[in-house]
Amino acid sequence: MFELLLGGFATVLSTPSILISLIIGVVLGTVLGAIPGLTATMAIALVIPLTFYMDPVQSLSMLIGAYNGGTFGGSISAILLGAPGTPAAAATVADGFKMALQGKGAKAIKMALFASVSGCLFSCIVLVLIAEPIARYALKFGPAEYTVLMVFSLTIIGSAAGKSVIKGFIGGLLGLLFGMVGLDSIASVTRFTFDSPNLASGIDLIVMLIGSLALSEVLVQVESVARGKVDAHLPPPRQPDDARLSWREYIANIKTIARSAAIGCGIGALPGLGTTLAAYIGYDMAKRNSKHPEEFGQGAIEGVAAAETANNAVCGANLIPLLALGVPGDAMAAIMIGAFMVQGLTPGPLVFREAPQVIAGLYAGLILSNLLLALFVMTCYKGFTKVSQLETTVIFPVVFVFCFIGVYALNQSVTDVWIMLFFAVIGYIMVKFDYSPATMMIGFILSPLLEVNLRQALLISGNNPAIFFSTPITWFFWLVTVYSVFTIIRSRRRSSKPI
């Protein structure tokens, strides 16, 4: 394998067309990912027509570069605008945007960058060394295991709740209800659509995210301007250290980065979970294990590191079930399968024998894309931070327009625009009454996964709930869930905060 990997590096680095394609993929992915509404998946979808006439290594290198760049790119707008460019960056908003408001936007971007690169490189190592055993273990997860995993994931709300856990769970419940809108995938009947065919396919995560997190912030700023408060959107650094990320600060967060990288790998190897859930779980675990959990949500650099490491660690891990078993883990992986098939290759165990040079080139391209991403962002980040220091009366009208264009471009649907405006109002009201919109997002993300797996498990068992305690994996997640609830209650009592 190592000889093949070295051969992959030699192929990518010695072939200008492959290297240029990889650079173009990284740059396009980063720029598109930074625009709210244009996700990493959309970046790949836009790039894929360019790859039809390329050879397999060149084609896959461009796509994997766009995926990696797009996953990171969302953090730029999350930090500088408070508007995540991709769902994966939603967990970064809480601390990244607060750091930017303190004049530490450049430091937050650098931490997000190096945490992302660390997470992705870690998952690349796991992918190269032990992809097949992990993929086979992931297949042991059935509906019962996924259901208990989702129950555990709901405890993330406790960390994202802010001042009140009760308000957090109300927000989470609201998200669960919004996640039920649309066609019931098992009974094939519509729910909560009010007889509107436009709601039959449910609410798009991107639309909800942009409305409740990005556009609600625009409304808050409009209110500030109406009261006569017109400032620069982001203040400049108060001191030189506010714009730097020292080696000592990176090392101080190395445990968090390592933990989030492992979480991202685990989530990425399980089909159907994705980067957003990985980011929230990574953030939650970092807060629980931090010496200063009270700083999370107030501009903690550890929070940025945790979320960005976890979501980018999914990039490499996502390829584990794809390459080892031919099973796509998410929409991006499904598009990658299409790219393989265009090149006459079928992902699965046989691809390692049929096209080992292509797989080695893909591994090398993924690893090198991290280095190119670091080089590109370190060259251009000053431009992003300069733009973000314009006055709010300049910045937020532009954000407002980007939100509309991004949401409309998703499905060319005016209904999506109205749904975005609806969630903008919901998000604004939640902020005003000290509810966290992030808890609603977590509930919404988990809702379809929880419902489908719960119902499938009950159908398989003949409505016998004992199925949720039938395997060591389910018992493991029940124990983790109980411990998680215990730590939430204990930390609240220690900090004298109301539950």
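Thresholds, definitions, all that
- Chains are numbered independently. Their residues run from 1 in the order of the written sequence.
- Local features in this predicted model are restricted to residues whose pLDDT is 70 or higher, and side-chain atom pairs enter the listing and the counts only when it is 80 or higher, whereas totals over whole chains, interfaces and linings include all residues.
- Values reported for side chains reflect all heavy atoms of the structure, with hydrogen atoms and water molecules removed beforehand.
- Working definition: helices are DSSP H or I runs of at least four residues, strands are E runs of at least two. Numbering for both runs from the N terminus.
- Both definitions apply: the radius of gyration is a C-alpha atom measure, and the globule rule equals 2.2 Å times residues to the power 0.38.
- When a residue's accessible area, from a 1.4 Å probe over protein chains only, is under 20% of the maximum for its type it is buried; when over 50% it is exposed; and in between it is partly exposed.
- Contact between two residues is taken to exist if any of their heavy atoms lie within 4.5 Å; hydrogens are not considered.
- Here, Shrake-Rupley sampling with a 1.4 Å probe gives the accessible areas, and only protein chains in the shown set may cover a residue.
- As used throughout, the charge tally considers Lys and Arg to be positive and Asp and Glu to be negative, leaving His and the chain termini uncounted.
- Just so you know, the charge point we use is NZ for Lys, CZ for Arg, CG for Asp and CD for Glu.
- A helix is expected to span 1.5 Å for every residue after the first.
- Taking the helix axis as origin, the arc is that swept by the directions to the C-beta atoms.
- Patch membership requires more than 30% relative accessible area and the absence of a salt bridge. Residues of like charge join within 9 Å; the nonpolar side chains Val, Leu, Ile, Met, Phe, Trp and Tyr join within 5 Å.
- Salt bridges are defined by distance alone: a side-chain nitrogen of Lys or Arg within 4 Å of a carboxyl oxygen of Asp or Glu.
- In this description, a line fitted to the C-alpha atoms serves as the axis of each element, helices being fitted only across the stretch in contact, and the angle between N-to-C directions of two axes falls anywhere from 0 to 180 degrees.
- Each angle receives one of four descriptions, namely roughly parallel if under 35 degrees, roughly antiparallel if over 145, roughly perpendicular if within 65 to 115, and oblique otherwise.
- Amino acids outside the nonpolar list (Ala, Val, Leu, Ile, Met, Phe, Trp, Tyr, Cys, Pro) and the charged list (Asp, Glu, Lys, Arg) are all regarded as polar, and Gly is one of them.
- Any two of the Phe, Tyr and Trp rings considered here, Trp counted by its six-membered ring, make a pair once their centres fall within 6.5 Å; the pair's planes then place it as stacked at under 30 degrees, edge-to-face at over 60, or tilted in between.
- A ring is scored as having a charge over it whenever the NZ atom of a lysine or the CZ atom of an arginine sits within 6 Å of its centre and within 35 degrees of its normal.
- For our purposes a nonpolar core is just a set of buried Ala, Val, Leu, Ile, Met, Phe, Trp, Tyr and Cys residues, chained together by side-chain atoms within 4.5 Å.
- Whether a crossing is left-handed or right-handed is set by the direction in which the near helix is turned from the far one by less than a right angle, anticlockwise for left-handed and clockwise for right-handed.

Taking an unreviewed UniProt entry as the reference, the protein chain is identified by name as Tripartite tricarboxylate transporter permease belonging to Anaeroselena agilis.

Caption draft 1: Expanded view of the overall build of the protein chain. Across its full length, the protein chain carries 22 helices and two strands. For a compact globule of 499 residues, the expected C-alpha radius of gyration is about 23 Å, and the protein chain comes in at 22 Å, within 12% of that figure. Buried residues in the protein chain amount to 57% of all 499 residues. Here the contacts in the protein chain between residues at least 6 apart in sequence split such that 78% fall between residues at least 24 apart. Split by element, the accessible area of the protein chain, about 21000 Å² in all, is 69% carbon and sulfur. Computed over 29 positive and 25 negative side-chain charges, the separation of the two mean positions in the protein chain equals 10 Å.

Caption draft 2: Seen up close, helix 9 (residues 165–178). The end-to-end C-alpha distance of helix 9, which contains 14 residues, comes to 20 Å, matching closely the 20 Å that a straight helix rising 1.5 Å per residue would cover. Where helix 9 is concerned, the buried positions are Val165, Gly168, Gly171, Gly172, Gly175, Leu176 and Phe178. Seen end-on, helix 9 carries its buried residues on one side only, within an arc spanning 165°. Residues of helix 9 that are exposed and point over 90 degrees away from its buried face: Ile166 and Leu173.

Caption draft 3: Structural detail: helix 4 (residues 56–80). Taking 1.5 Å as the rise per residue, helix 4 with 25 residues should run 36 Å; its terminal C-alpha atoms sit 37 Å apart, in good agreement. Of all 25 residues that make up helix 4, 24 are buried, and the element is covered over most of its length. Gly82 sits one or two positions beyond helix 4 and adopts a positive phi of about 75°.

Caption draft 4: How the structure looks around a nonpolar patch on the surface. Residues Phe2, Ile125, Leu129 and Ile130 make up a contiguous nonpolar surface patch of roughly 420 Å² in combined accessible area. When residues in the nonpolar patch are grouped by element, the largest group, three residues, is from helix 6 (residues 105–138). Its place among the elements puts Phe2 in helix 1 (residues 2–14).

Caption draft 5: Summary view of the packing of helix 4 against helix 5 (residues 93–101). Relative orientation of the contacting elements helix 4 and helix 5 amounts to 55°, with a least axis distance of 7 Å. By the angle between their axes, helix 4 is oblique relative to helix 5. Contact with helix 4, carried on its side by Ala78, Ile79 and Leu80, involves Val93, Gly96, Phe97 and Ala100 of helix 5 and no other residues of that element. In terms of residue class, the contact of helix 4 with helix 5 is built from six nonpolar, one polar and no charged.

Caption draft 6: Examining the packing of aromatic side chains more closely. Applying the stated criterion across every chain yields a total of twelve aromatic pairs. Judged by centre distance (4.8 Å) and plane angle (50°), the rings of Phe400 and Phe404 are tilted. Within this pair, Phe400 and its partner Phe404 are both found in helix 19 (residues 392–411), separated by four residues, close to a single helical turn. Phe400 sits in the partly exposed class, given a relative accessible area of 35%. On the basis of relative accessible area, Phe404 is assigned to the partly exposed category, the value being 23%. Judged by centre distance (5.5 Å) and plane angle (55°), the rings of Phe469 and Trp475 are tilted. Overall, the relative accessible area of 40% leaves Phe469 in the partly exposed class. An aromatic cluster of three or more residues is present, and its members are Phe141, Tyr146, Phe152, Phe476 and Phe477. Just above the ring of Tyr435 sits the side chain of Lys167; from NZ or CZ to the centre is 5.2 Å.

Caption draft 7: Representation of the environment of Asp284 within the structure. Locating Asp284 in the fold gives a position in helix 13 (residues 274–289). In this structure Asp284 comes out as buried when scored by relative accessible area, which is 1%.

Caption draft 8: Spatial organisation of unusual backbone geometry. In the Ramachandran plot, Phe194 falls in the positive-phi region, its phi being about 55° despite a non-glycine side chain. Relative to the elements of secondary structure, Phe194 occurs in the loop between strand 2 (190–191) and helix 10 (205–226). Its identity as a non-glycine residue notwithstanding, Asp195 has a phi of 60°, on the positive side. Take Asp195: it is sitting in the loop between strand 2 and helix 10. Note on Asp195: relative accessible area 78%, which makes it exposed.

Caption draft 9: The nonpolar core, seen in detail. By size, the foremost hydrophobic cluster in this structure holds 144 residues, and its most contacted members are Leu273 and Tyr280. Tyr283, Phe296, Ala300 and Ala306 belong to the second-largest nonpolar core, a separate cluster that totals five residues.

Caption draft 10: Summary view of the packing of helix 4 against helix 14 (residues 301–317). In the contact formed by helix 4 and helix 14, the axes pass within 9 Å of each other and the chain directions differ by 165°. Taken together, the axes of helix 4 and helix 14 lie roughly antiparallel to each other. The handedness of the crossing between helix 4 and helix 14 is right-handed. Between helix 4 and helix 14, the residues in contact are Tyr67, Asn68, Thr71, Phe72 and Ser75 and Glu308, Asn311, Asn312, Val314 and Cys315, respectively. Counted by class, the contact of helix 4 with helix 14 contains four nonpolar, five polar and one charged residues.

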